[in-house]
Amino acid sequence: TFENFNLDLYSTQRDAAGIIPREHMQEIFHYCQSYAATFTLSSHNILMMGHTGLGKTHLSLAIANVCIQNGVGVVYASAQNI
C-alpha cells in the first residue's frame, strides 16, 4: 500500500548526478498516488525502470491496490513474464 511505503529508506545526500534520492522518490511517490486516485480505463500506462530494490514493485502494487478498491480489475505481471 502507499501507507507502508517508507521514504526514509532513501538518502538525503546528493548523488553523483546531483539528485537527492529521497526528494526524487517523493516526487515519484506523489505521482503514483495521484495516478492511482484518478485512474480510469483510458489512463496512460506507466513504465517503471531501475535497479533492484528501488520500490518499483511496491509502488506498482500500491497503485493496483487502489484501483482494486475503486472497482477496477487488475492483472499484474512482471515485464519478464509478459
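Above: the structure in question.
The following refers to the structure shown. Since the model is a prediction, treat every value here as computed from it, not as a measurement.

**Things to note about the packing of aromatic side chains**
Right, so step 1: Counted under the stated rule, the structure contains 5 aromatic pairs.
Right, so step 2: Judged by centre distance (5.7 Å) and plane angle (80°), the rings of Phe2 and Phe29 are edge-to-face. Separated by 27 residues along the polypeptide, Phe2 in the segment before α1 (21-37) and Phe29 in helix α1 bring together distant segments of the chain.
Right, so step 3: Look at Phe29 and you get buried, because its relative accessible area is 8%.
Right, so step 4: For the pair Tyr31 and Tyr35, a centre-to-centre distance of 6.4 Å together with 20° between the ring planes defines the contact as stacked. Linking Tyr31 with Tyr35, this pair stays in helix α1, spanning 4 residues, or about one helical turn.
Right, so step 5: One aromatic cluster is present, formed by Phe2, Phe5, Tyr10 and Phe29 through successive ring pairs.

**Some remarks on the nonpolar core**
Right, so step 1: If you look at the biggest cluster of nonpolar residues, it comprises 15 residues, and the most contacted ones within it are Phe2, Phe5, Leu7, Met25, Phe29, Leu59 and Ile63.
Right, so step 2: Of all elements in the fold, only α1 and α2 (56-69) reach the threshold of two or more residues within this core.

**Considering α1**
Two residues of an α-helix separated by three or four positions point the same way, owing to the 3.6 residues in each turn.
Right, so step 1: Taking 1.5 Å of rise per residue, the 17 residues of α1 would be expected to cover 24 Å, and the 24 Å separating its terminal C-alpha atoms lies within 8% of that figure.
Right, so step 2: In this structure, the buried side of α1 is in contact with α2.

**A few points about α2**
Right, so step 1: Here α2 is 14 residues long and its end C-alpha atoms lie 20 Å apart, about the 20 Å a rise of 1.5 Å per residue gives.
Right, so step 2: Burial in α2 covers these residues: Leu59, Ser60, Ala62, Ile63, Ala64, Val66 and Cys67.
Right, so step 3: Those residues of α2 hidden inside the fold are in contact with α1.
Right, so step 4: Positive backbone phi, approximately 85°, marks Gly71, located one or two places after α2.

Analysis parameters
- Residue numbering note: each chain is counted from 1, following its sequence as written.
- Since the coordinates come from a predicted model, pLDDT governs what is reported: local features require at least 70, and pairs of side-chain atoms require 80 or more to be given and counted, while whole-chain, interface and lining totals use all residues.
- Processing note: side-chain calculations cover all non-hydrogen atoms of the structure and skip hydrogens and water entirely.
- What counts as a ring pair is set by centres within 6.5 Å for rings of Phe, Tyr and Trp (its six-membered ring), and what kind of pair is set by the plane angle: stacked under 30 degrees, edge-to-face over 60, tilted for all other angles.
- Think of it this way: any DSSP run of H or I at least four residues long counts as a helix, any run of E at least two long counts as a strand, and we number them from the N terminus.
- Exposure classes here rest on a 1.4 Å probe applied to the protein chains alone. A residue is buried below 20% of its type maximum, exposed above 50%, and partly exposed in between.
- Side-chain atoms within 4.5 Å are what join buried Ala, Val, Leu, Ile, Met, Phe, Trp, Tyr and Cys residues into a set we call a nonpolar core.
- An expected span of 1.5 Å times one less than the residue number is assigned to each helix.
- By the convention used here, residues are in contact when the closest approach between their heavy atoms is within 4.5 Å.

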